[in-house]
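Secondary and tertiary structure notes
Listed below are the residues making up each chain.
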Amino acid sequence: MYPMGTQPIETPRLFLRRFTLQDAPAMYENWGKDPEVTRFLRWEPHRNPRESEEMIGQWVAGYEKDDTYHWAIERREDGALVGSIGVFFSGEAGAPKGWQPAFCIGRAFWGQGYTSEALRAVLDYFVKSTGEKTLYGCHAVENPASGRVMQKNGFLYTHEGEYHLLDGSAVKAHYYRYQKD
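Every value quoted in this text rests on a predicted model; they were computed, and no experiment measured them.

1. Considerations on the packing of helix α1 (residues 24-32) against helix α2 (residues 49-62)
Relative orientation and spacing of two packed helices are given, respectively, by the angle between their axes and the distance between those axes. Where α1 meets α2, the closest approach of the two axes is 8 Å, and the angle between their N-to-C directions is 115 degrees. In this structure, α1 meets α2 at a crossing whose hand is right-handed. Each of Ala 24, Met 27 and Tyr 28 in α1 lies in contact with α2, whose residues at this interface are Pro 49, Ser 52, Glu 53, Met 55, Ile 56 and Trp 59. Of the residues that constitute the contact of α1 with α2, the class distribution is seven nonpolar, one polar and one charged.

2. Observations concerning the sheet that holds strand β3 (residues 69-75)
Read across the open sheet, the five strands follow the order β1-β2-β3-β4-β5; overall the sheet is antiparallel. Each end of this open sheet is capped by a strand with a single partner; those strands are β1 (9-10) and β5 (98-105). As paired elements, strand β2 (residues 14-17) and β3 share four bridges and run antiparallel to each other. Of the residues in β3, the one forming a bridge with Leu 16 is Ile 73. Helix α3 (residues 114-130) contacts β1, β2, β3, β4 (81-90) and β5 of the sheet and is inclined by roughly 145 degrees relative to β3.

3. Overview of the side chain of Arg 17
Secondary-structure assignment places Arg 17 in strand β2. A polar contact is formed between the side chain of Arg 17 and the side chain of Asp 23, at a distance of 2.8 Å. Of the polar contacts made by the side chain of Arg 17, one reaches the side chain of Glu 74; its length is 2.7 Å. Among residues more than four places away in sequence, those in contact with Arg 17 are Asp 23, His 70, Trp 71, Ala 72, Glu 74 and Leu 81.

4. Some details on the packing of aromatic side chains
What describes a pair of aromatic rings is the distance from one ring centre to the other and the angle between the planes of the rings. For the structure on display, the rule yields ten aromatic pairs. Between Tyr 69 and Tyr 125, the aromatic rings sit 6.4 Å apart at their centres with planes inclined by 65 degrees, giving edge-to-face as the arrangement. Separated by 56 residues along the polypeptide, Tyr 69 in strand β3 and Tyr 125 in helix α3 bring together distant segments of the chain. What makes Tyr 125 buried here is its relative accessible area of 13%. Consider the rings of Tyr 69 and Phe 126, whose centres lie 5.0 Å apart with planes at 85 degrees: the pair is edge-to-face. Of this pair, Tyr 69 sits in strand β3 while Phe 126 is found in helix α3, placing the two residues 57 residues apart along the sequence. Each member of the pair, Tyr 69 together with Phe 126, is buried. Of the aromatic side chains, those joined through ring pairs into one cluster are Tyr 69, Trp 71, Phe 89, Trp 99, Tyr 125 and Phe 126.

Reading the values: the criteria
- Residues numbered from 1 in each chain as written.
- Predicted model: local features only at pLDDT ≥ 70, side-chain atom pairs only at ≥ 80, totals over all residues.
- Heavy atoms only, no water.
- Axes fitted to C-alpha atoms, helices over the stretch in contact; angles between N-to-C directions.
- Helix = DSSP H or I, 4+ residues; strand = E, 2+ residues; numbered from the N terminus.
- Left-handed = near helix turned anticlockwise from the far one by under 90°.
- Contact = heavy atoms within 4.5 Å.
- Nonpolar A, V, L, I, M, F, W, Y, C, P; charged D, E, K, R; others polar.
- Pairing = 2+ DSSP bridges.
- Polar contact = N/O pair within 3.5 Å; in protein donor to acceptor, adjacent residues only side chain to side chain.
- Phe/Tyr/Trp six-rings, centres within 6.5 Å; stacked < 30°, edge-to-face > 60°.
- Buried < 20%, exposed > 50% of the residue type's maximum accessible area, 1.4 Å probe, protein only.

Shown next as structure tokens:
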């Protein structure tokens, strides 16, 4: 298999696509500035759309590599940018070394199944395009909704541990493993 990087993916309700710098205002408004959404992420809430644009600029630059997997989650019915999802390689201490999904969705879009639908599509694409059959995931213990998203998509709980936020504070986490047959 040859890595194909971030290519468009369609699901019944979503269009997963590469980010563009023009997505910065929507990212900022829909999730980037919300401290409740970013509470367990490894980046701080954005103070202005420029910070969202800077982050997206880093993601866009990553698209030059075939092993970058990071999508904007766009709702097909109205084109609303609802969040982001990706798969990245991690070797953080205390965590399994390997590919892990990461997702973030705006609070206005919580509880509608968008993240589960996006993760299902990304897992299918990732396994088919890379041949990788094992992925790992984690979520903050205080954020069980992320765990439910992973469990709905075949991730099995393995252990409790912790990860660290940008400020160095530890977050208790549940770790999972996904194995595609």
